[in-house]
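Fold and contact review
Listed here are the chains, written in short residue letters.
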Amino acid sequence: MNILYLSDIRFPLERANGIQTMETCYALAERGHHVQLVVRPDTYLPRRDPFEFYGLAPTSRLVFDYAPVIGSPIVRRVVYLAYVIAHLLNSRQWSMIFTRDLGVAATALKFPSRLRPPIVYESHGYAPVFAETLAELVPGKESVGSRKLRRLEKRERHVWQCADGYVATTQVLVDELTTRFGIRERLVTLGNATHIESVPSLEAGTMSGPPVAVYAGHFYQWKGVDVFIKALAQVPELHGLLVGGHPGDRDEARLQSLVYTLGIDDRVTFTGLVPRAEVDRLVRSATVCVVPTVDTPSARYTSPLKLFEYMACGRPVIISDLPPVREVVEDEQTALLVPPSDAGKLAEALRRLLGDKVLATRMTRRASEVVSKYSWAQRAESLERLFQAVVNPG
């Protein structure tokens, strides 16, 4: 198939959105499909090569098409959508369109089906909930008003009912959308994924020196890194490793201030942004990995990339007990589940894993078996089956 993937993000992008987009497109290309990824240009100079940035071997079956966007966010959005429409008018070139951008999907669906390729939308959450709580999720952002929320709900309904194919990342999300908008066909539930080693190392990476607990990702408050730091303060024999962040990042500055306030700056390390391959190495060097997500309204849709990556790296995981998390892991079998935002319970779980090597090893081995079903290649195979049903209905 010739797949047009539409993603209105600067590219390459270090956030989970960029990683998941690249890995999805790459895995589809590895299955023999030709994928054209339409994105915004990199804002770094010199511009970074996406294959190199994400640590993937170049392939001619995945090409990057940079929309010529400039100006304010509103202008950039308008220009990107105009660029999308120009591609739609050349619809015979594409077998189908794939996107996780609700606005792009809604725009494309305004065209009659005879004038456009089939459209598959991938949902990672219910947009009105994200918009209503945006100020809690991203620093400097403002939550939207009731009029915008109504527009988003109308858009969600339209895409759910009219997209030729639909992908949702959690069953929790599928259940909510079905309750709101009714049952639909050509729908699959696919969580996120990771790269799977044939035989992951299951031995702790810190054989000498103090034990280390690692968090890798962004430092937004809803990610719960503050909770992790407070838990570290209660486990004096444990060092913390925080992988991510940017120089001058307000979230990183907030966390560093908390570390100093708690007097644990001598055993907490901030790495800053590091290459993808280095993230894996750092995770493998740790004793235990944490996903301390806060229980926000949008967290009920979460399918955290880091959970799959931790499991694939052969490290025991402690994660906030949220409904979609239970779709992947089982408490005390493949991870330890702790109440969100409870630093005391997280500290207890950390001490438990440090003191119970049998439990840590058993969970890690079982998690490695479970995560083997969540490779990018297997996810692409499932997407391919949906795409074939969409392109050749009946």
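As a starting point, this report considers the structure included with it. In this text the structure is predicted, and so the values were computed from the model without any measurement. (Residues numbered from 1 in each chain as written. Predicted model: local features only at pLDDT ≥ 70, side-chain atom pairs only at ≥ 80, totals over all residues. Heavy atoms only, no water.)

**Thoughts on empty space enclosed by the protein**
Selection criterion: Cavities and pockets were defined on a 1 Å grid built from protein atoms only: a cavity is a group of points that admits a 1.4 Å probe but offers it no way out, a pocket is an open group of points flanked by protein on both sides within 12 Å along at least five of seven lines, and a lining residue is one with an atom within 4 Å of any such point. Grid points are joined across faces, edges and corners, and a volume is the space filled by probe spheres set on the points. Classification used: nonpolar for Ala, Val, Leu, Ile, Met, Phe, Trp, Tyr, Cys and Pro, charged for Asp, Glu, Lys and Arg, polar for all others including Gly.
Counting across every chain of the model gives one cavity of 30 Å³ or more. Here the largest cavity defines a volume of roughly 40 Å³. As for the largest cavity, its lining consists of Val227, Pro292, Ser320, Val338, Pro339, Pro340, Ser341, Asp342 and Leu346. Class assignment for the residues of the lining of the largest cavity results in six nonpolar, two polar and one charged.

**Describing the sheet that holds strand S12 (residues 317-320)**
Hydrogen bonds along the backbone pair up the strands of a sheet, which may run parallel or antiparallel. Under the convention used in this document: For two strands to count as paired, DSSP must find a minimum of two bridges between them. Only DSSP runs of H or I covering at least 4 residues are called helices, and only runs of E covering at least 2 are called strands; the numbering of each starts at the N terminus. As a rule, the C-alpha atoms of each element are fitted with a line to give its axis, helices using only the stretch in contact, and angles between N-to-C directions run from 0 to 180 degrees. Residue contacts are defined here by distance: any two heavy atoms, one from each residue, within 4.5 Å place the two residues in contact.
Within the open sheet, the six strands sit side by side as S10-S9-S8-S11-S12-S13. Their pairing is parallel. Strand pairing shows two members of the sheet lacking a second neighbour, strand S10 (268-272) and strand S13 (336-338), which therefore form its edges. Put simply, the sheet's adjacent strands are angled 20° from each other on average, direction ignored. Looking at chain direction, strand S9 (residues 239-243) and S10 are connected through four bridges and run parallel. Residue pairing in the sheet places Val243 in a bridge with Gly272 of S10. In the packing of helix H13 (residues 343-355) onto the sheet, contacts are made with strand S8 (212-216), strand S11 (288-291), S12 and S13, and the angle to S13 comes to roughly 160°.

**Section: helix H9 (residues 225-232)**
Formally: Only protein chains enter the accessibility calculation, which uses a 1.4 Å probe; a residue whose area is less than 20% of its type maximum is buried, one above 50% is exposed, and one in between is partly exposed.
Across the eight residues that make up H9, a large majority, seven, are buried. Val225, Asp226, Val227, Phe228, Ile229, Ala231 and Leu232 are the residues of H9 that are buried. Elements in contact with the buried residues of H9: S8, S9, helix H10 (250-262), S10, S11 and H13.

**A short note on the pattern of salt bridges**
Applied cut-off: Any carboxyl oxygen of Asp or Glu that lies within 4 Å of a side-chain nitrogen of Lys or Arg is treated as forming a salt bridge with it.
Applying the stated rule across the entire model yields 20 salt bridges. With a closest N to O distance of 3.0 Å, Arg116 and Asp164 form a salt bridge. Here Arg116, found in the loop between helix H4 (102-108) and strand S5 (119-123), pairs with Asp164, found in the loop between helix H7 (146-162) and strand S6 (165-168); they are 48 residues apart in sequence, far enough to count as distant. Comparing Arg116 with Asp164, the two get one shared label, buried. Linking Asp251 and Arg254 is a salt bridge whose minimum nitrogen-to-oxygen distance equals 2.6 Å. Within this pair, Asp251 and its partner Arg254 are both found in helix H10, separated by three residues, close to a single helical turn. Owing to a relative accessible area of 22%, Arg254 belongs among the partly exposed residues under this scheme. Several salt bridges converge on common partners, so that one network encompasses Asp8, Arg40, Arg77 and Asp101.

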